[in-house]
Amino acid sequence: MKKKTPNPEPQVGAESEFHAGKAGELHRTTTRREQTLTTNQGTAIADNQNSLKAGTRGPTLLEDFVLREKITHFDHERIPERIVHARGSGAHGYFEAYGNVSDLTCAAFLQEAGARTPVFARFSTVAGGAGSVDLPRDVRGFAVKFYTTEGNFDLVGNNIPVFFIQDAIKFPDLIHAAKMEPDRGYPQAATAHDTFWDFVSLMPESMHMILWAMSDRAIPRSLRMMEGFGVHTFRFINAQGDPVFVKFHWRPKNGSQSVLWDEAVKISGADPDFHRRDLYEAITRGDFPEWELSVQAFDQKTADGFPFDVLDPTKLIPEEMVPLRAIGRMVLDRNPDNFFAETEQVAFHPGHIVRGIDFSDDPLLQGRLFSYTDTQLSRLGGPNFHQLPINRPQCPMRNFQRDAIMQMEVPTGRVNYEPNSLNPDTPKENPESGFVTTPTLTSGEKIRVRSETFNDHYSQARLFFRSATPVEADHIVEAFAFELGKVATHEVRCRVLGHLRNVDQTLFSRVEQALGMEGQGYTIPPAREAIDMSPSPPLSLLSKARPTLAGRKIGLFISEGVDLAVFDQLQVAADEAGAVLELIAPRIGAVKSSSGVVLMPDHAIAAAPSVLFDTIVIATAVEAVKTLRQNPALLAFIRDAHAHCKIIGFTRGATALFDAIGIEQDTGVINIDTADGAMAYIDRAKQGRLWSRKKAGAS
Ligand code: HDE
């Protein structure tokens, strides 16, 4: 980081391409031919500042093809946004195989240790529109396109391992209920409203996913700090043709982390692009996000022994029953060059699959296999979306599909059918290397019936709640209290309480109490009595959190007269921990240290509330405190960080600020004036929040 400038001269801007002309107009300086602006037809444009008019003050002429072409193209810049997962951020990277799964699958990209496959990943929220904020309480999409040598494989998953519904036919209802209510057009990107809770309260199968959605998983700290799941059971097929069931898991290398709900609310105002910016900036500074891909592999016999159906997408398989087996890692190391062309136009589809991987009969997955191509027809305009650079396979692709809107290819020759005898060099099917569906015995009556094996709606919801740490359980209760507190219809709240009673008595009583609705929960007879399963610690984020500050942000507040040594020590400690140190000052202009060296802040305090940082340091000169005590943004900065249980480093001068807002110096408030103060602060910050402060009533 180059914060210090010995000579605080005003920065000279990049030399302008333009200069002001006579009538205040801008004129281009001499332009080389290859830089010349042209129309879409290649005609060079002489004047891009003025439309063609009859006289200097007269009406604009219809003849102006330069103006008309430019405006017409602009008028059509937007395409329909995704009906779900509209808000997303993406990046390029690679997947590196560990080469240890030939016993399970013959998928080419997984065979060789170290073999790299290009990928494009897109992370998204589900309910909000493309312009909605990054931190609503919501499920996150986690979609990865692998451009393998044998075709594109899309793993289109979520950051939660189960789903709300069991059958695809309920998806439009679920999404209608979750999105803005149709008469009033709000709330945007929020499930805290009547129609959502009305629907899920009538769909007991949604309760497991609801528990996850009310947990910290639904408000991730960063897209880089989320787990990902394929959700459905898939199958791997090895070279001998033997199938095995698999569940896919992504685990972030730097650990998972979430924000608090109060932070999410404030971040949504302070930086609606919090996640998108975080991903983009991390990749720009070379801190490449990384995940490990694992599978839980199990055979039919094992599946038959589970107390749930592996085809039911509202169920997961606890790791204690089937351990994870790591099969490779993904690194995202390149931002898109153009958001629209890549992140917006990318078309994922669970049906984009390669040899060695196969579907299961999960009825939700089966419905998805229809939906994703269908949606691209209206979103991307026709069936040639696979020709867009972001969607194009990076292996040979030859077939006789022809024409259609926006055809980019120019196929040659007379033959556009198979079999043919006129041209031996045209593409043909290949039984040796082609995709083969695993033969599976299937028979049955044609009926619309939900399998009885899908009937247990509460056991895994109970498992999830009982696997949460006390802090996480508190958050789940608080989330229910918030969401149901926004529901106006009393009966809907009573019905949800009825389900919670079936999930777990403690959860039920706590939510009932938090709502002030004691004794009002309905009695809902379960389709099947829930069973008690042993708690599974990996379901909790906090249980498996490891101490780290890697990829996290430290907000260092400085004032005039700050001791430069403090900055230097913190910078060294932050670098060692892989954390980013950002400077915040009363104003965005230069700040002089006690030794006269100039520091350039990254933010002014009014634009950088502490919710944007994982931990903060207040480094003020004693003389500056008198004025700083009058700075409401700074006081809110400290007060919020403390209430959010963050670790706070400080230099001597800051104690007067703590006194001003009545903050006690607990073990999470650390003086860094001592020789090893910066290191001690960083070590404590690596441990994460000081949760005991919350119990003490700080938030
Ligand atoms: Fe999707 N889903 N989905 N979904 N989904 C879409 O496809 C759909 C489901 C998921 O970044 C749409 O291209 C149906 C489960 C992600 O571009 C659409 C059903 C899971 C993304 C669609 C489901 C997902 C989508 C909208 C129930 C987790 C964003 C735009 C049968 C395993 C991909 C598009 C991206 C997007 C349909 C359920 C994940 C309409 C019908 C379960 C991550 O086709």
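Parameters and conventions
Residues numbered from 1 in each chain as written. Predicted model: local features only at pLDDT ≥ 70, side-chain atom pairs only at ≥ 80, totals over all residues. Heavy atoms only, no water. Donors = N, O, S within 2.8 Å, 3.2 Å for Na, K, Ca; no water. Helix = DSSP H or I, 4+ residues; strand = E, 2+ residues; numbered from the N terminus. Near = heavy atom within 4 Å. Polar contact = N/O pair within 3.5 Å; in protein donor to acceptor, adjacent residues only side chain to side chain. Nonpolar A, V, L, I, M, F, W, Y, C, P; charged D, E, K, R; others polar. Domains from an automatic or database assignment. Contact = heavy atoms within 4.5 Å. Buried area = accessible area lost by both parts, 1.4 Å probe. Salt bridge = Lys/Arg side-chain N within 4 Å of Asp/Glu carboxyl O. Pairing = 2+ DSSP bridges. Axes fitted to C-alpha atoms, helices over the stretch in contact; angles between N-to-C directions. Parallel < 35°, antiparallel > 145°, perpendicular 65-115°, else oblique. Left-handed = near helix turned anticlockwise from the far one by under 90°. Core = buried A, V, L, I, M, F, W, Y, C linked by side-chain atoms within 4.5 Å. Buried < 20%, exposed > 50% of the residue type's maximum accessible area, 1.4 Å probe, protein only.

Asker: Whenever I open this one, the coordination of the iron atom of the ligand confuses me. Can you help?
Answerer: Where a metal carries four tetrahedral donors, each ideal angle is 109.5 degrees; where it carries six octahedral donors, the ideal angles are 90 or 180 degrees. Of all protein atoms, just one serves as a donor to the iron atom of the ligand, and that atom is Tyr-372 (OH), at 1.8 Å. Its location among the elements puts Tyr-372 in helix H9 (residues 363–379).

Asker: What's the story with the site of the ligand in this structure? I'm lost.
Answerer: Looking at the ligand, there are 23 residues lining it, with Arg-82, Arg-122, Ser-371, Tyr-372 and Gln-376 nearest. Ser-371 places a side-chain nitrogen or oxygen 3.0 Å from an oxygen atom of the ligand. Interatomic distance of 2.8 Å between a side-chain N/O atom of Gln-376 and an oxygen atom of the ligand. For the shell around the ligand, the secondary-structure elements that each account for two or more residues are strand S6 (140–148), strand S7 (151–158) and H9. Sorting elements by how many residues they give to the shell around the ligand places H9 first, with six residues. Of the residues that constitute the shell around the ligand, the class distribution is eleven nonpolar, nine polar and three charged.

Asker: Whenever I open this one, the domain arrangement of the protein chain confuses me. Can you help?
Answerer: By a widely used convention, the size of an interface equals the accessible area lost when the partners come together. Under the domain assignment, the protein chain is made up of domain 1 (53–387), domain 2 (462–539) and domain 3 (553–693). Between domain 1 and domain 3, the C-alpha centre-to-centre distance is 37 Å. Taken together, the contact between domain 1 and domain 3 spans 15 residues of the former and twelve residues of the latter. When domain 1 packs against domain 3, close to 1,000 Å² is buried across both sides, 51% of that on carbon and sulfur atoms. At the surface where domain 1 touches domain 3, the tally comes to five salt bridges. Here Lys-266 and Asp-640 are joined by a salt bridge, their closest N and O atoms 3.1 Å apart.

Asker: What's the story with the sheet that holds strand S21 (residues 669–671) in this structure? I'm lost.
Answerer: Pairing between the strands of a sheet is mediated by backbone hydrogen bonds and can be parallel or antiparallel. Pairing is parallel in the open sheet, where six strands are placed in the order S18-S15-S14-S19-S20-S21. The open sheet has two edge strands with one neighbour each: strand S18 (603–604) and S21. With three bridges connecting them, strand S20 (residues 648–650) and S21 associate as parallel partners. Bridge pairing in S21 links Phe-650 to Asn-671. Across the face of the sheet, helix H14 (residues 564–577) comes into contact with strand S14 (553–558), strand S15 (580–585) and strand S19 (615–619) while running at roughly 150° to S15.

Asker: Can you help me understand the environment of Arg-277 in this one?
Answerer: Structurally, Arg-277 can be placed in helix H6 (residues 274–284). In the structure, Arg-277 is positioned 265 residues away from Leu-542 in sequence and 25 Å away in space, judged by C-alpha atoms.

Asker: Could you clarify how one ought to interpret the packing of helix H12 (residues 490–503) against helix H13 (residues 505–515) in this entry?
Answerer: Describing two packed helices takes the angle between their axes plus the distance from one axis to the other. Two numbers describe how H12 lies on H13: the axes approach to 6 Å, and their chain directions differ by 150°. In terms of axis orientation, H12 runs roughly antiparallel to H13. Every pair of crossing elements has a handedness; the one defined by H12 and H13 is left-handed. On the side of H12, the interface is formed by Leu-497, Leu-500, Arg-501 and Val-503, while H13 contributes Gln-505, Leu-507, Phe-508, Val-511, Glu-512 and Leu-515. The residue inventory of the contact of H12 with H13, partitioned by class, reads seven nonpolar, one polar and two charged.

Asker: Hey, could you run me through the nonpolar core in this one?
Answerer: Here is a general trend for soluble globular proteins: nonpolar side chains tend to be buried in one another's company. The biggest cluster of nonpolar side chains holds 64 residues, and the ones touching the most others in it are Trp-197, Leu-211, Phe-480 and Leu-507. Counting contributing residues, this core receives three or more from each of domain 1 (53–387) and domain 2 (462–539). Those residues in contact with Leu-211 that sit more than four places away from it in its chain are Ala-461, Phe-464, Phe-465, Ile-476, Phe-480, Leu-500, Val-503 and Leu-507. Residues Ala-121, Leu-223, Val-295 and Ile-357 belong to the second largest nonpolar core, which totals 37 residues.

Asker: Can you help me understand the pattern of salt bridges in this one?
Answerer: Pairing is possible between side chains that carry opposite charge, provided their charged atoms lie close to one another. For the coordinates displayed, the defined rule picks out 41 salt bridges. Residue Arg-495 is joined to Asp-198 by a salt bridge in which the shortest nitrogen-to-oxygen separation is 2.8 Å. Placement of Arg-495 in helix H12 and of Asp-198 in helix H3 (residues 194–201) is noted, with a sequence separation of 297 residues between them. Look at Arg-495 and you get buried, because its relative accessible area is 18%. Assessed through its relative accessible area of 30%, Asp-198 is described here as partly exposed. The salt bridge partner of Asp-504 is Arg-466, with a shortest N-O separation of 2.7 Å. In this pair, Asp-504 is assigned in the loop between H12 and H13 and Arg-466 in helix H10 (residues 459–467), connecting sequence segments 38 residues apart.

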